[in-house]
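Examination of the molecular architecture
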Amino acid sequence: MVPARHRSHRGGESHPGDDGVSVTPGAPIAAGYLVPEPAQIVERDSYGPGIHAYRLRICDPAARPRFDFMPGQFNMVYAPGVGEVAISISSDPEDEDLEHTIRIVGRTTQVIGRLDVGDFVGLRGPYGVGWPLHEARWKDVLVITGGLGCAPVTGAIDYMFRRRANYGRISILHGVKKSEDLVHRDRFEAWRRHPDTYVGLTSDEPDRAWRDRIGVVTELFEEVDIDPGRTVVFMCGPGVMMRYAVAILRRRGVPVERIYASMERNMKCAVGLCGHCQLGGEFVCKDGPIFPYARIAKFFGPGAL
Ligand SMILES: Cc1cc2nc3c(=O)[nH]c(=O)nc-3n(C[C@H](O)[C@H](O)[C@H](O)COP(=O)(O)OP(=O)(O)OC[C@H]3O[C@@H](n4cnc5c(N)ncnc54)[C@H](O)[C@@H]3O)c2cc1C
Ligand code: FES
């Protein structure tokens, strides 16, 4: 284990949106801006053959402050000679090293999946809009995730626990298909030990060692108290899961304007130039990937609100 070294140049309280990169449409993009910065793999944790969490250290310490991020933002991870993929940053923003949790699905991730401690990748970012952590201050936060959907939100949860007094009740509902799909169990167990916190884990197809709930994530709603007047919801996972979750939340009186969802689209430039990530008029790379649900509900089909 490489110990997480905490950032000395970041103060205690920072506000989402105060830092991070934003690209203004039409503004010139500096030449160096799209060039990946070399980073070395300093730790790799594998969750079965198909999912790996990499801790990456930016090789040039002078470049590290440019990678300060807000939870929910993503980097483009470059496998030299192969290509780039958009990957959420799953670490705590206070950690010196950056963590990316990657599922091996295709051409580029297969190459990344063969890399190990000591190997190098390129990173550019961080990109996009993070979770509304400032707006959620003093409120209850309900986090609903499915599958690897937990990756974009783990950093946000760590951020809130690091400032625990600033948030009300934190409820985390996470579902996986098979129990072996559960990544970062150690973090879920650590969060579970906090006061005024509920962590519900469920699996559709558990193995014999599974001790948590069986079924789909929306069944966990029965176990949480939701005060609709003071709850902010962070959602991330398959579209069908998010659609069912929103229906339940609406029935329980949570206003749609306090529901946020993380979206994924195929990406190339990540800075609003190529149009690969477009969702109607929205560019997922720079307007998202975190959106107020009301803004994107139409993409979830009729009756999605
Ligand atoms: C903002 C954002 C954050 C993401 N965060 C993570 C993360 O934390 N961990 C992680 O493992 N993955 C994440 N992804 C998905 C990741 O970018 C894709 O899995 C990756 O690009 C696949 O690249 P590949 O070359 O290995 O696969 P390819 O050979 O390009 O494709 C393999 C298959 O995956 C599909 N695919 C490719 N990219 C995407 C995409 N972005 N969305 C949906 N389907 C896609 C293709 O259609 C194809 O079916 C994120 C995507 C976005 C947009
Ligand atoms: S990825 Fe190019 S515009 Fe979004």
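Quick caveat: nothing in here was measured; it's all calculated off a predicted structure.

In this section: the side chain of Asp95. Relative to the assigned elements, Asp95 resides in the loop between strand E4 (83-88) and strand E5 (98-103). Reaching out from Asp95, the side chain makes a polar contact with the side chain of Arg55 at a distance of 2.7 Å.

Moving on, we get to the sheet that holds strand E15 (residues 290-292). With mixed pairing, the seven strands of this open sheet are ordered in space as E10-E9-E8-E7-E11-E12-E15. Only two strands of the sheet have a single partner each, and these edge strands are strand E10 (213-214) and E15. Examined bridge by bridge, strand E12 (residues 259-262) and E15 share three bridges and lie antiparallel to one another. What sits directly across from Ser262, in E15, is Ile290. In the packing of helix H3 (residues 185-192) onto the sheet, contacts are made with strand E8 (170-178) and strand E9 (197-205), and the angle to E9 comes to roughly 145°.

This brings us to the environment of Gln110. With respect to the helices, strands and loops of the structure, Gln110 is situated in helix H1 (residues 107-113). In sequence terms Gln110 and Ala79 are 31 residues apart; their C-alpha atoms lie 9.8 Å from each other. The contact partners of Gln110, leaving out residues within four places of it in the chain, are Ile104 and Val105.

Quick look at helix H2 (residues 151-162) now. For H2, built from 12 residues, the straight-helix expectation of 16 Å at 1.5 Å per residue is met to within 8% by its first-to-last C-alpha distance of 18 Å. Among the 12 residues in H2, 11 count as buried, and that is most of the element. Listed as buried for H2 are Ala151, Pro152, Val153, Thr154, Gly155, Ala156, Ile157, Asp158, Tyr159, Met160 and Phe161.

A few words now on the site of ligand 1. Near ligand 1 you find 20 residues, and of these Ala86, Thr101, Arg103, Thr108 and Thr109 are the closest. Ala86 places a main-chain nitrogen or oxygen 2.6 Å from an oxygen atom of ligand 1. Between ligand 1 and Glu264 there is a distance of 3.5 Å, counted from a nitrogen atom to a side-chain nitrogen or oxygen. Burial of ligand 1 by the surrounding chains reaches 71%, relative to a free accessible area of 870 Å². Elements with a contribution of two residues or more to the shell around ligand 1: E4, E5 and H1. The element that contributes the greatest number of residues to the shell around ligand 1 is E4, accounting for four residues. Here the residues of the shell around ligand 1 are counted per class, giving 10 nonpolar, six polar and four charged.

This paragraph deals with the sheet that holds strand E6 (residues 120-127). For sheets, the rule is that strands pair by backbone hydrogen bonds, running either parallel or antiparallel. The strand order across the open sheet formed by six strands is E4-E3-E6-E1-E2-E5, and the pairing between neighbours is antiparallel. Two strands in the sheet have a free side with no partner beyond their single neighbour: E4 and E5. Looking at each pair of strands side by side, their axes are set apart by 40° on average, direction ignored. Bridge count for strand E3 (residues 74-79) against E4 is six bridges, and the pairing is antiparallel. Residue Met76 lies in a different strand from E4, and its bridge partner there is Ala86.

Secondary-structure assignment places Asp97 in the loop between E4 and E5. Of the polar contacts made by the side chain of Asp97, one reaches the side chain of Arg57; its length is 2.8 Å.

By convention here, two paired aromatic rings are described through the distance between centres and the angle between planes. With the rule as written, the count across this model stands at four aromatic pairs. Centre to centre, the rings of Phe188 and Trp191 are 5.2 Å apart; their planes meet at 75°, and the pair counts as edge-to-face. With Phe188 and Trp191 both in helix H3 and three residues apart, the pair spans about one turn of that helix. Accessibility assignment for this pair places Phe188 and Trp191 in one class, buried. A centroid spacing of 5.1 Å and a plane angle of 45° characterise the contact between Tyr293 and Phe300, whose relative ring orientation is tilted.

So, how was this worked out
Residues numbered from 1 in each chain as written. Chains lettered and ligands numbered in written order. Predicted model: local features only at pLDDT ≥ 70, side-chain atom pairs only at ≥ 80, totals over all residues. Heavy atoms only, no water. Helix = DSSP H or I, 4+ residues; strand = E, 2+ residues; numbered from the N terminus. Polar contact = N/O pair within 3.5 Å; in protein donor to acceptor, adjacent residues only side chain to side chain. Pairing = 2+ DSSP bridges. Contact = heavy atoms within 4.5 Å. Axes fitted to C-alpha atoms, helices over the stretch in contact; angles between N-to-C directions. Expected span 1.5 Å × (residues − 1). Buried < 20%, exposed > 50% of the residue type's maximum accessible area, 1.4 Å probe, protein only. Near = heavy atom within 4 Å. Areas by Shrake-Rupley, 256 points an atom, 1.4 Å probe, with all protein chains shown as cover. Nonpolar A, V, L, I, M, F, W, Y, C, P; charged D, E, K, R; others polar. Phe/Tyr/Trp six-rings, centres within 6.5 Å; stacked < 30°, edge-to-face > 60°.

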